[in-house]
Amino acid sequence: MPNKKIVLIAFSIIIALVVLSFIFFFVFSLIFPAKPPLPLVNNNYPISTQATSTVAVNNTISGNASVLPSFRVIIPNILTVEKCNNLANIQDKGKCLDRLTEYDAVNKSDGVKCLAINDASFRDDCLFRLASKSNKISECRKLGSDGLQEACVNNVSANTKDISGCDFFAKVSNNYQECRDRVQAFLVSGISDVPICQNLKTLEYSSLCLLHATQSLADCDKIVDTATKDKCRSLYLYPVANNQAACEAIPLESYRKVCLIRIKSADFLSVDSDKDGLYDWLEIWINTDPFKADTDNDGVSDYNEYINETSPVDPSSK
Ligand SMILES: [Ca+2]
Ligand SMILES: [Ca+2]
């Protein structure tokens, strides 16, 4: 009997230790959380700093018929084969079943299952997500169109931080440059890398690069070049500014003015002050003037330069 009692006490002590260690790690994670998310991931500029960011940006520009599928299809938990089959409309039923198949294929990394999807956009969506999940350039080549293959390669290269993946593109093409700039933007990890960001030719990646090279607003103050420091401070201050005083404290004029519009506009994400086809939030991100349709005065609008991949801030490029 006493032995049984000892075993019981020992068992209770072990349980107590396990519970205590869980409490300890929970409290520890509250006090020392993992690196906090960058402030960009909010609705003030709808740009994520994750590898899929440009795809989201390209899909948001008005008038730009994007070749990319809505690859972030979220499958509601409530969707079941039975519920799909109960849908009255035959097309809704088909799409519902396709979405379920896609969900299953991505979960199981089953490319053959993707090919069984009837709807072409869901099928491509499925292959795109699988390729991004496997992070293999070879999987990107299975996609149905050049545009999708390119988007996929961009994504995989940025995810794997492997600049050699960009060799997929012809070396003289803008795509090659963009792909490399993108990977660089994800490779940097310190103030000493800021010069790399300054040398990137793809405008949106220079902003992203700067955010990845710094960890906080305080890091911006360590940058020697004044213009880059102001850009850095603006990138951090803009998304969290939610009143007039906070907006007015932003160093760069374009960020400051767009911030003041944002806090007063209920429909800010579709505000295009200079009516050139590029939203204000995007223009500050890519360094063009949101209040001037042709920032570099070369006769070609910012929108056309952005779409044609010439530089909207360099008059010798048009
Ligand atoms: Ca505009
Ligand atoms: Ca121009």
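See the structure above.
These numbers come from a predicted model, not from an experiment.

Student: It is not clear to me how the overall build of the protein chain should be interpreted in this structure. Could you clarify?
Tutor: Broken down by element type, the protein chain carries 17 helices and zero strands. Residues counted as buried form 36% of the 318 residues belonging to the protein chain. Within the protein chain, counting contacts between residues at least 6 apart in sequence, those at least 24 apart form 36% of the total.

Student: Got a minute to help me understand helix α8 (residues 146–160) in this structure?
Tutor: An ideal rise of 1.5 Å per residue puts 21 Å on 15 residues; α8 measures up with 21 Å between its terminal C-alpha atoms. Here α8 lies mainly inside the structure; 11 of its 15 residues are buried. Among the residues making up α8, those that are buried are Leu148, Gln149, Glu150, Ala151, Cys152, Val153, Asn154, Asn155, Val156, Ser157 and Ala158. Among the residues trailing α8, Lys161 stands out with phi positive, at a value near 55°.

Student: Mind showing me how you'd approach the packing of helix α11 (residues 203–213) against helix α13 (residues 226–240) here?
Tutor: Each pair of packed helices gets described by two things: the angle between the helix axes and the distance between those axes. Between α11 and α13, whose axes approach to 10 Å, the crossing angle comes to 80°. In terms of their interaxial angle, α11 and α13 are classed as roughly perpendicular. Residues Ser207, Leu210 and Leu211 of α11 form the contact with α13, whose own contacting residues are Lys231, Cys232 and Leu235. Within the contact of α11 with α13, the residues separate by chemical class into four nonpolar, one polar and one charged.

Student: Help me understand the nonpolar core, please; the structure alone is not making it clear to me.
Tutor: For soluble globular proteins, nonpolar side chains are generally found buried alongside one another. Counting residues in each nonpolar core, the largest one holds 58 residues, and the members touching the most others are Cys126, Ala131, Cys152, Cys209, Leu210 and Ile250. When neighbours within four sequence positions are excluded, Cys152 is seen to be in contact with Phe128, Ala131, Ser132, Cys140 and Leu143.

Student: I would appreciate a short explanation of the environment of Ile250 in the present structure.
Tutor: Positionally, Ile250 belongs in the loop between α14 (244–248) and α15 (253–264). A count of 23 C-beta atoms within 10 Å places Ile250 in the buried class. Considered as a pair, Ile250 and Leu237 are 13 residues apart in the sequence and their alpha carbons are 6.2 Å apart. If we ignore the near neighbours within four places in the chain, the residues touching Ile250 are Ser234, Leu237, Tyr238, Ala241, Tyr255, Arg256 and Cys259.

Student: How should I be thinking about helix α9 (residues 174–187) in this particular structure?
Tutor: Residues that lie three or four places apart on an α-helix share one face, since the helix turns once every 3.6 residues. Compared with the 20 Å implied by 1.5 Å per residue over 14 residues, the 20 Å span of α9 between its first and last C-alpha is a close match. Those residues of α9 that sit buried are Glu178, Cys179, Arg180, Asp181, Arg182, Val183, Gln184, Ala185 and Phe186.

Student: I'm lost on unusual backbone geometry in this one. Help?
Tutor: Across the chain, the bulk of peptide bonds are trans and the bulk of non-glycine residues have phi less than zero. Phi is positive for Asn287, close to 75°, though the residue is something other than glycine. Residue placement: Asn287 occurs in the loop between α16 (280–285) and α17 (302–308). Residue class for Asn287 comes out partly exposed when judged on the 17 C-beta atoms lying within 10 Å of it. Even without glycine at this site, Asn297 takes up a positive phi of about 55°.

Procedures and definitions
Residues numbered from 1 in each chain as written. Chains lettered and ligands numbered in written order. Predicted model: local features only at pLDDT ≥ 70, side-chain atom pairs only at ≥ 80, totals over all residues. Helix = DSSP H or I, 4+ residues; strand = E, 2+ residues; numbered from the N terminus. Buried ≥ 20, exposed ≤ 12 C-beta atoms within 10 Å, placed from the backbone. Contact = placed C-beta atoms within 7 Å. Expected span 1.5 Å × (residues − 1). Axes fitted to C-alpha atoms, helices over the stretch in contact; angles between N-to-C directions. Parallel < 35°, antiparallel > 145°, perpendicular 65-115°, else oblique. Nonpolar A, V, L, I, M, F, W, Y, C, P; charged D, E, K, R; others polar. Core = buried A, V, L, I, M, F, W, Y, C linked by C-beta atoms within 7 Å.

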